[in-house]
Amino acid sequence: MSRELTPSELEAFPSLDWSDIAPRLTSALRSSLEKVLETQNGADLSLAESYALANSEGDDLLGLLVAANTLRAELAGNIVTYVVNRNINFTNICFVGCKFCAFSRGPREADTYFLTLGQMAQKAVEAWQLGATEVCIQGGLPRDLPKFHYRDILRAVKNAVPRMHIHAFSPMEIVYGVELTGMPLADYLSMLRDNGLGTLPGTAAEILDDQIRHILSANKLSTALWVEVIRTAHRCGIRTTSTLMYGHAETPAHWVRQMRLLREIQSETGGFTEFVPLGFVHQNTLLFHQGLARTGPTLAEHLKVHALARLLLAGSINNIQVSWVKLNRRLSQLCLHAGANDYGGTLMEENISREAGATAGQYTSPEDFQSLILEMGRIPAERNTTYSRINIKLPLTECTAEQSLEAEFA
Ligand code: SF4
């Protein structure tokens with residue numbers, strides 16, 4: 001019979017091997033896990049098997065975590081990647097009103113801000129000088145934004161730092177840009193690409209189920225529209241990330257359906273670079289204070305979502321990222337033991353999770369990432385946004401971090 005694991009039992013899972021845990025699993029769950037370990041393809045799991053994995057408890061949950069870690073080692077090796085980047089949240093003024101968001105402000109609130117194009121270009125220059133290869137640009141949606149503002153942001157940043165990769169604009173911002181300009185979606189995305197947009201964050205996905213979306217935000221783009229923006233971006237040659245926000249009003253069945261939907265899109269377009277589970281930070285949100293959400297994810301849920309992603313997305317999306325700003329140091333390491341292989345970005349400044357109550361900080365330096373990864377017995381490596389360049393960083397004991405051994409391969 002399954003039972004709830006204590007936090008210390010859960011935290012001990014990285015010391016288990018598959019051969020330790022396999023004999024303790026229920027037979028149906030064991031055969032599902034053995035199948036995916038053998039084929040290394042999550043497409044071989046039926047919907048019913050996937051639901052069973054998502055609802056696993058006790059020893060079965062430990063089995064899920066160990067299987068995901070085993071599969072991670074086979075599919076992604078022992079390297080843990082990160083990207084040196086800067087977040088630029090260019091305004092906190094927003095009319096959308098998502099109940100899970102503690103970052104946005106109404107236009108007349110006291111602490112609003114709106115960065116000029118010049119200020120954004122300056123931030124990109126500073127980031128480049130500090131070694132960043134990417135700027136991640138997203139913001140609130142203010143009414144009366146100049147029609148071509150998103151294009152003009154790209155021009156300003158590219159003029160200032162031509163080689164900076166611009167990872168920018170959520171699908172919600174893309175839909176707003178289309179509304180502002182009246183351009184067809186594909187033309188609008190192509191225009192952004194031609195003005196320097198490198199990749200698109202697959203944010204604004206939250207849970208891709210319209211009933212849940214309505215609870216989270218009555219004004220957010222629908223599931224169908226999110227999928228249309230992503231598919232069109234991929235067709236225009238703009239790759240994207242993919243995300244899922246967990247720990248609020250959703251159930252494990254929503255995680256499964258979303259991961260299967262992402263697989264379906266990936267099989268058509270091949271445009272996803274990574275999958276990023278985003279734990280809901282509840283403290284300062286309307287969603288929590290109106291009693292519409294639970295108090296964020298439990299430890300078991302954090303680990304389970306990362307492990308499930310590794311198993312269900314195997315053979316489709318190879319990179320599973322931990323969002324360190326929403327997790328603490330130890331938890332992000334545990335999630336990297338539960339199937340994840342990427343630490344995300346250094347960020348330099350991060351406003352969105354901090355406003356919601358996350359305490360992991362605004363910046364993790366490359367050296368911090370390297371020591372966190374080495375502490376886990378894994379190999380740190382800096383990557384670019386699309387994972388097409390990976391530089392292994394192995395500080396030698398007698399050297400300083402600056403003298404680290406760098407091996408570069410494509
Ligand atoms: S999540 Fe984005 S769209 Fe929603 S309120 Fe916050 S800033 Fe606005």
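Residues numbered from 1 in each chain as written. Predicted model: local features only at pLDDT ≥ 70, side-chain atom pairs only at ≥ 80, totals over all residues.

Undergrad: Requested: an account of the environment of isoleucine 166, with residues and values cited.
TA: With respect to the element layout, isoleucine 166 can be found in strand S4 (residues 165-168). Judged by the 24 C-beta atoms lying within 10 Å of it, isoleucine 166 falls in the buried class. Once residues lying within four places of it in the same chain are set aside, the contact partners of isoleucine 166 are Val135, Ile137, Leu154, Val157, Gly196, Leu197 and Gly198. (Helix = DSSP H or I, 4+ residues; strand = E, 2+ residues; numbered from the N terminus. Buried ≥ 20, exposed ≤ 12 C-beta atoms within 10 Å, placed from the backbone. Contact = placed C-beta atoms within 7 Å.)

Undergrad: So what's going on with helix H17 (residues 366-375)? Residues and values would help.
TA: All of the buried residues along H17 are Phe369, Gln370, Leu372 and Ile373. Considered in projection along H17, the buried side chains sweep an arc of 165° and stay on one side of the axis. Residues of H17 that are buried in the fold lie against strand S1 (79-83), helix H15 (329-337), strand S8 (342-345), strand S9 (379-383) and strand S10 (390-394). Glycine 377 sits one or two residues past H17 and shows a positive phi near 80°. (Arc of directions from axis to C-beta.)

Undergrad: Mind laying out helix H9 (residues 185-194), listing which residues take part and the relevant values?
TA: When we look at burial in H9, the residues that qualify are Tyr188, Leu189 and Leu192. The buried residues of H9 occupy one face: seen down the axis, they fall within an arc of 95°. Exposed residues pointing more than 90 degrees away from the buried face of H9 are listed as Asp187 and Asp194. Where H9 is buried, its residues meet helix H7 (149-160), helix H8 (171-181), strand S5 (197-200) and helix H11 (223-235). Glycine 196, located one to two residues past H9, shows a positive phi value of around 115°.

Undergrad: Before we move on, can you summarise the packing of H9 against H11 with the specific residues and values?
TA: Any two packed helices are characterised by how steeply their axes cross, that is the angle between the axes, and by the distance between the axes. Where H9 meets H11, the axes come as close as 10 Å, and the angle between the chain directions of the two elements is 55°. Accordingly, the angle class assigned to the pair H9 and H11 is oblique. Here H9 runs over H11; the crossing is right-handed. Taking contact as the criterion, the partners of Leu185, Ala186 and Leu189 in H9 are, on H11, Glu228, Val229, Thr232 and Ala233. Broken down by class, the residue content of the contact of H9 with H11 amounts to five nonpolar, one polar and one charged. (Axes fitted to C-alpha atoms, helices over the stretch in contact; angles between N-to-C directions. Parallel < 35°, antiparallel > 145°, perpendicular 65-115°, else oblique. Left-handed = near helix turned anticlockwise from the far one by under 90°. Nonpolar A, V, L, I, M, F, W, Y, C, P; charged D, E, K, R; others polar.)

Undergrad: Pulling in residues and values, what's your account of unusual backbone geometry?
TA: The backbone phi angle of glutamine 40 is positive, close to 55°, even though this residue is not glycine. Inspection of the secondary structure assignment puts glutamine 40 in the loop between helix H3 (27-39) and helix H4 (47-54). Judged by the 13 C-beta atoms lying within 10 Å of it, glutamine 40 is partly exposed. Phi is positive for aspartate 144, close to 60°, though the residue is something other than glycine.

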